[in-house]
Structures are given as structure tokens and as C-alpha cells.
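What follows is the residue order along each chain.
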Amino acid sequence: MKTNENKMRRGLLTLILLICAFLTPGSSLEGVASSACFASSTSSTSFTSFTSSTSPVRAEAYRIEVAFSPAEGKLQAKVSLDLRAVEPMRAMELELARSLEIHSVETMEGQKLRFERSRLALSPKLLVDLDKPAAAGDKITLVFRYGGKIRGGLLDFVRSDGILLRDDARWYPAVDLAAFTQLETRITVPAGWEAVSSGNLVSREEHGKQVTFVWQAGSAVSSRSVAAGPYREQRLRQGAITYAIHLPGQHAERSSWLLGRARRILEFYAARFAPYPHASFSLLEAPIESHGAAGYAAAGFSAISPEGVEFDGAALYSPEFLPHELAHQWFPNEVTLAGAEDGWLAEGLAQYAALLYLRETDPPQAKLLVERSHLGALAVDPLRPISAGLKLFSTDGASIADATLYQRGLLVFTTLETVIGRSRVEQALREYYARYRGRAASIADFEKICEEVSHRELKWFFDYYIRGTGIPTISLDVLANSPPGEFQATIRIADVPENFSVRVDLPLVTSTEKIDHSVATIGSATPFTITYSGTRPTIDLDPELKILRWTDAARVNRAVSKRMGRADDLLQEGKAANAQAELEKAAQLDPENVSGSLGWVFLRLGRIGLRQGRISAARNFLRRAGKTSSSDPLADAGVGLWSQISIAQLEERLGRKTAARRIFRSLRGTMPAFLLRSRLDFEGPSGPTAGEVIAVGLGKLAIQPVRH
Ligand SMILES: [Zn+2]
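Okay, so let's go over this structure. Small disclaimer: the values here were computed from a predicted structure and weren't measured.

About the thresholds
Residues numbered from 1 in each chain as written. Predicted model: local features only at pLDDT ≥ 70, side-chain atom pairs only at ≥ 80, totals over all residues. Helix = DSSP H or I, 4+ residues; strand = E, 2+ residues; numbered from the N terminus. Rg over C-alpha atoms; globule rule 2.2 N^0.38 Å. Buried ≥ 20, exposed ≤ 12 C-beta atoms within 10 Å, placed from the backbone. Contact = placed C-beta atoms within 7 Å. Pairing = 2+ DSSP bridges. Axes fitted to C-alpha atoms, helices over the stretch in contact; angles between N-to-C directions. Core = buried A, V, L, I, M, F, W, Y, C linked by C-beta atoms within 7 Å. Parallel < 35°, antiparallel > 145°, perpendicular 65-115°, else oblique. Nonpolar A, V, L, I, M, F, W, Y, C, P; charged D, E, K, R; others polar. Left-handed = near helix turned anticlockwise from the far one by under 90°. Expected span 1.5 Å × (residues − 1).

**Examining the overall build of the protein chain**
- When you go through the protein chain residue by residue, the secondary structure sums to 21 helices and 30 strands.
- Its C-alpha atoms give the protein chain a radius of gyration of 27 Å, within 12% of the compact-globule value 27 Å for 708 residues.
- The buried share among the 708 residues of the protein chain stands at 50%.
- Residue pairs in contact within the protein chain that sit at least 24 positions apart in sequence constitute 68% of those at least 6 positions apart.

See the structure below:
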């Protein structure tokens, strides 16, 4: 459903608009899409048949020996897997990537067992004949020897610049990719490399041109992912936890910064949720070939893309990215998901955790995160239920999954704060973690805990916001002739069930005082009175957008986004005149720029004019784009950069080389480096970056930009 994705995309900055830069669905054999921000345990979704309680066998411990030949993209592995029969069995089904060749499957005693690959050519399924019956409760140890290449995607690779193998790659035999098991991993890589897995590094042995790292998990872990690369390592021991940062040489200077960041973020969550669950944490750079910040979280380590390493902490650069990634160490890596439909408790919850961190450390960015989420979440038409969960990635595409699970998912948490109270939401999360740590849990389990801690019935809330697609409209009816000193009004809430109840902030400002007032609503109409002194007050309704609700900005943004999406589609079909008409209508819909999208509209109009050689119209639109400001400094910077670039290109067209070079030079000197990596994605995915266009303009690159 690519068209839909285009329709909701408002800007160009894939790298910033999406917290985890999403990628196209990977080569997953089950057809489950991969997003770049994936906690290991979300992979259980592709294994629903194994996570169900009817699974006849349970994995208990892995001893993995794996040797990598990065230059050839190959691995050789020996895996001892301890399993426990849940019911009597004679054969069992596992999965292992089909591209790997199995040399043997044996018992602990060395008896060779017969095995059979699925008859479906791409299926990873593997049937092992146990040769004799096993009774319920029996322990079964299987030893697998296999090797070959992983048919990886963007997130799973064995390359000469680095290795990342997630559980989803099925690089080891598994009955449940998110099972909690004991784990020992012996990883052999070329000398000069470092290898990381879950647990503690217990030994490091060099032998000739190779080095072997042995990692041992202190408690059962929910992933068996590995990463390796030509890293420089920096370590810090703080209390009981060892923090390690693994970066390639060219980013080694970022180690101290990231070490400090990781420690502060993990300590914040430790204080809020529960102690960090492992004795060590590793943050490493993986050469994920994505535009922008992308991350993957396994138990005890997080892998992030080069851009994430380079720009974390830079002004305007996605401040929620790293906090989101690190929150996955608790959710869902320690409390895994019962099913794909529970994805909110991975991605929505990690966004909420990041918001908690930003509220404390960077309130303006916390506010921006909420505002952006508010617009992005409600731009989707039609809205999808959050309970569609991780399936949204494959059914609706990454940008709709982002808007639904991450953005709307975040706002459902802030709305829940207005229902049961902020401290109770945190209490519920602590209880959820304490009760389900080391197990899988569902949204229904979390719902039950919320009811327990608040002593409230909350089915209506989860029905409305999670299982349904309800969004209320909240307005204020002010009584015109209230007595002096009294402010009388009624809060009206449309499109909600009878028992809908939220607490609405209603700060009141008079000439002499500011009153922080709030009202708990019941149903669709709640009258209230506030007494005040001084002049007739002004009142604001939910100014911090705590409640997920329709606002004028969200409505207008949805309409404008739709027009922009349609224009982008038309442009791709070569129908520039129709695209222009759509964009002009979009601009008329939002003369005040309440959507914050008007700059993007003018930029598009300017680019179309530029392409068509309508110089004065193009200049006019590009100037307006540059002057249109919104409440989002990042969006404004992006529009500003590309409108300036376009004006320079326009000068080039007119033969005014000096003027063009002057603009290019000033942009190169003043724009944040990460913005120079941005592309105009509405002009196609393979267009040049801002930096490339500028380099060509300054004669630093021999090639001409693709489009001009
Ligand atoms: Zn995530």
C-alpha cells in the first residue's frame, strides 16, 4: 500500500520524522515486515504458532559456537540446544534459515538424528526425528552443525564492515525466537574485531588471525542476537553495571558522549521502572544501510546506525531516538509480547518511556514530541486500531505503523495519565514489569494491572483507544452571563461512550492570577465553575495536548497531508499541472499554517515551478516557503534548507553562478550536518542529498545532480 504511505508523508526528512527510520519489509519468510527499530522480542510475532501455550516443546538453554568469515559473508556454527518436552513427542519442528546448510543433527551422546527440511522451497521449517519417544517433562538436547550464508536484509548481514544477526534472521535453530533461555555464545571473528552478544563477556582469546569472544548471560534472555565489527571499545564500570561502547575507528571520538548518554538514560529508567536487568550494557554501531537513525535492541545490547552514532545529541536531531531504543531493554526485551497485536507495549511504550526521559531532561523537546505525534497520528485516514499491532508493518506499511503504534500509541499513554493519574501509569508499568518479567504478556494483562492500581474499570478506555479507533472532540461552552468572580462553562465531549472520563486541564488567566484548574469529565457534558478574582479570565483547554483528541490543527493537517500525498503521486506520474492544483488547494485549506505543513506545500510548488522553468513563480513560492514558520524548528530548518538550495539552483538556471555559489557556500557553512544528508523524498527515493546538491553547485563533485 505504497500510495497510502505517500499520502501521509508530509516532508522530506525521513531521517527525522520517523524515530526509527523504517525500512522496506525484509526478506522475512513469514512475511512479517521489519522495521529498523525492532526490539528482539517483537520478533515473536512471526512465530505465533510457537509462542502459544500448545507448543509441545520449550527451549531452555543455548550453547552457540559460531565462526564468521565476513569477507565471504559466511558463518559456521555448532549449537547445543536444551529443550523440555511439554507433551509426549517423537519428532519436533524447529526453524533455521533456509539458506544455511545443515551438516548434522545429533543427540548429546553423538547419535545422529534424521531431519527433514520443509518441502516448501523457502520455508525455514525443519522437522527433527527424535528416534525414540520423549515423555512430557523430558529434557532433550540437540546438537546442530550447519553453515553458509544468511540471506539477509537491511538489518541482518555478515559483511566485511560488520555483522548483525537478529533473531529474525533465524541464524540459529529455534522453536520460539523470543523464548527466555540460558545463553552462552562463543563468537569467532577476524583479529582486530570485537563481537557482542547478550550477557557478560567472560573471555577473549586470540589465536592467530582470529579472536574468540565468549559471552554468558547471567539470567534467561529473550534473544540470541549477535553483532561484531572492527570496533574500538570504551568501557565504564558504574556500580554493578559495565557500560561498553563499540564504535568503528572513524567514530571513536563519539564514545565518551554515548557512554555518558547510555548511562544517564539507563539510570533514569532504572529509577522509574526497575533496575537494569543485566550486569552489562553494550551500545554498538552497526553498518545498517538506512537513511537516518535506525536501531535494534537485543537483551543487553543495542545496535544503532552510523547516523544515530554521529548525530545523537546534535541540536534538533531526534532526541527521542536513543531513549526509545534503550527503553526496549525493559520493554519488550524483559516482558516479551504475547502476540503481534500487543505491539503497542513495545513501540508505543518505548516512545512513552522516551517522553518521560525528555520531560525531565529537555522539556521543550518533550513538548515537540507530543505536538508532532498529535499531527502525525491523526493524519492517517482511516485510522487503524492500535491493537492491529506489529501486523501494521506488513499490512499497511511502515509509515502507517509509525503513525499508529508509535505516535498514536504514545498519546494513548499520555491520555491514560489524565484518566488514572501520571504516577499511577508509572506504578502500573512497574507492576507490569515485576509481574511479567521473564515472560510474555498482553495488552489485556496491562489493562488488568491499570484497573488494579487505579481501582477503576477501564474497559471503556482500552475499547475506545486501543481496540477501537475512537478520537473525541472536546470543546468548551462558556456561559455568557456568569456572575462576577465566577467562570461557568460546560465541557462537551463528542463521539465518546457514556462512561468516558478524562481529566481536562483548564488553566485560567486573569489580570491578577493564573489558576491551574482541571476538571474530571463524565460522559459527553460536564458543567463546572471556577471562582476567580480580577478581570474576566481567558481560559485554555488542554493546552499541552495531553488527551488524544481532534484539534483544528490535526483536522487541517490531515486534509493538507492528503492533498500533498495526492500531489506527490501525481508528480510521480508526470502530471505536474494536476499536482500543482492539489498543492494550491492545500495552501488554501490552511492560510494560517495551523498544520505547520504550509512550508512543505510552498516548497513543493516552488520545486515544480523550478522544474518547469517558471522562474518568477518558483522564486515566489520558494521565498514563501523559507518565510513560513511553524512551531517545529526542525521542520522549519528542513524547509529553509531546501528552499535556499532551490533558489540557488534557480540562480544557476539564470546563469548567475556567483549568486548561486554564495548561497551554496553559506548553506554548507551553517546547516547542521545531518540536515545536509536529507533528501527530498517526495521527488523519489534516490534523489541527491542536500550535501550532494551543494557539492555539485560548488564544483566539488564531477557528476551532475540527478534531476537538474
Ligand atoms: Zn522501537
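Text resumes after the structure shown.
**What about the sheet that holds strand 24 (residues 486-494)?**
- Read from one edge to the other, the open sheet built from 3 strands follows the order 23-24-29, with strand pairing classed as antiparallel. Both outer strands of the open sheet, strand 23 (473-478) and strand 29 (525-531), are each paired with one neighbouring strand and no more. Ignoring strand direction, the axes of neighbouring strands in this sheet form an average angle of 25 degrees.
- Here strand 23 runs beside strand 24; their pairing, made up of 6 bridges, is antiparallel. Note that in strand 24 the partner of Val 478 across the bridge is Ala 489.

**Comments concerning the sheet that holds strand 6 (residues 115-117)**
- Read across the sheet, 3 strands follow the order 4-7-6 without closing on themselves; strand pairing throughout is antiparallel. The open sheet has two edge strands with one neighbour each: strand 4 (89-95) and strand 6. Put simply, the sheet's adjacent strands are angled 20 degrees from each other on average, direction ignored.
- Examined bridge by bridge, strand 4 and strand 7 (residues 125-134) share 6 bridges and lie antiparallel to one another. Counted as the bridge partner of Glu 93 is Leu 127 from strand 7.

**Digging into unusual backbone geometry**
- Geometrically, the link from Phe 331 to Pro 332 is a cis peptide bond, its omega value of 10 degrees lying close to zero.
- Assignment of secondary structure puts Pro 332 in the loop between helix 6 (321-327) and strand 21 (335-337).
- Note the cis peptide between Asp 381 and Pro 382, where omega equals 0 degrees.
- Within the element layout of this structure, Pro 382 appears in the loop between helix 8 (363-378) and helix 9 (391-395).
- Located in the positive-phi region is Asp 542, a residue other than glycine, with phi close to 45 degrees.
- A positive phi angle is found at Leu 545, which is not glycine, with a value near 55 degrees.
- Positionally, Leu 545 belongs in the loop between strand 30 (538-539) and helix 14 (552-572).
- The buried category is assigned to Leu 545, around which 20 C-beta atoms lie within 10 Å.

**Quick notes on the nonpolar core**
- With 198 residues, the main nonpolar core has Ile 163, Leu 164, Ala 227, Ala 228, Ala 353 and Val 601 as its most contacted residues.
- With 13 residues, helix 10 (residues 398-420) is the single largest residue contributor to this core.
- Ignoring anything within four residues of it in the chain, the contact list for Ala 228 reads Phe 68, Gly 162, Ile 163, Ile 187, Val 189, Trp 193, Glu 194, Ala 195 and Val 196.

**What to know about the packing of helix 14 against helix 15 (residues 576-589)**
- Where helix 14 meets helix 15, the axes come as close as 8 Å, and the angle between the chain directions of the two elements is 170 degrees. Regarding the angle of helix 14 to helix 15, the classification is roughly antiparallel. Facing Val 556, Ala 559, Val 560, Arg 563, Met 564, Arg 566, Ala 567, Leu 570 and Leu 571 of helix 14, the residues of helix 15 in contact are Ala 576, Asn 578, Ala 579, Glu 582, Leu 583, Lys 585, Ala 586 and Leu 589.
- Looking at the contact of helix 14 with helix 15 residue by residue, the classes come out as 12 nonpolar, 1 polar and 4 charged.

**Notes on the packing of helix 16 (residues 598-612) against helix 18 (residues 633-653)**
- Between helix 16 and helix 18, the least distance of the axes is 10 Å, while the angle of their chain directions is 15 degrees. It follows from the interaxial angle that helix 16 and helix 18 lie roughly parallel. Crossing of helix 16 over helix 18 shows left-handed handedness. Residues Gly 599, Trp 600, Leu 603, Gly 606, Arg 607 and Leu 610 of helix 16 touch helix 18, and the partners they reach there are Ala 635, Asp 636, Val 639, Trp 642, Ser 643, Ser 646, Gln 649 and Leu 650.
- Its residues assigned to classes, the contact of helix 16 with helix 18 shows 7 nonpolar, 5 polar and 2 charged.

**Regarding the pairing of strand 14 (residues 210-216)**
- Relative to strand 14, strand 11 (residues 182-190) is paired through 7 bridges, and the arrangement is antiparallel. The residue bridging Ile 187 from the neighbouring strand is Phe 213, located in strand 14.
- Note that strand 13 (residues 200-207) and strand 14 share 7 bridges and pair antiparallel. By the bridge assignment, Asn 200 is partnered in strand 14 with Gln 216.

**A short note on helix 7 (residues 347-361)**
- Taking 1.5 Å per residue as the helical rise, helix 7 with its 15 residues ought to reach 21 Å, and the 21 Å between its terminal C-alpha atoms agrees with that figure.
- Burial analysis of helix 7 places 12 of its 15 residues in the buried class, which makes it a mostly covered element.
- Within helix 7 the residues assigned to the buried category are Glu 347, Gly 348, Leu 349, Ala 350, Gln 351, Tyr 352, Ala 353, Ala 354, Leu 355, Leu 356, Tyr 357 and Leu 358.
- Its buried side turned inward, helix 7 meets helix 4 (255-272), helix 6, helix 8 and helix 10.

Read these as spatial facts, not as claims about activity.
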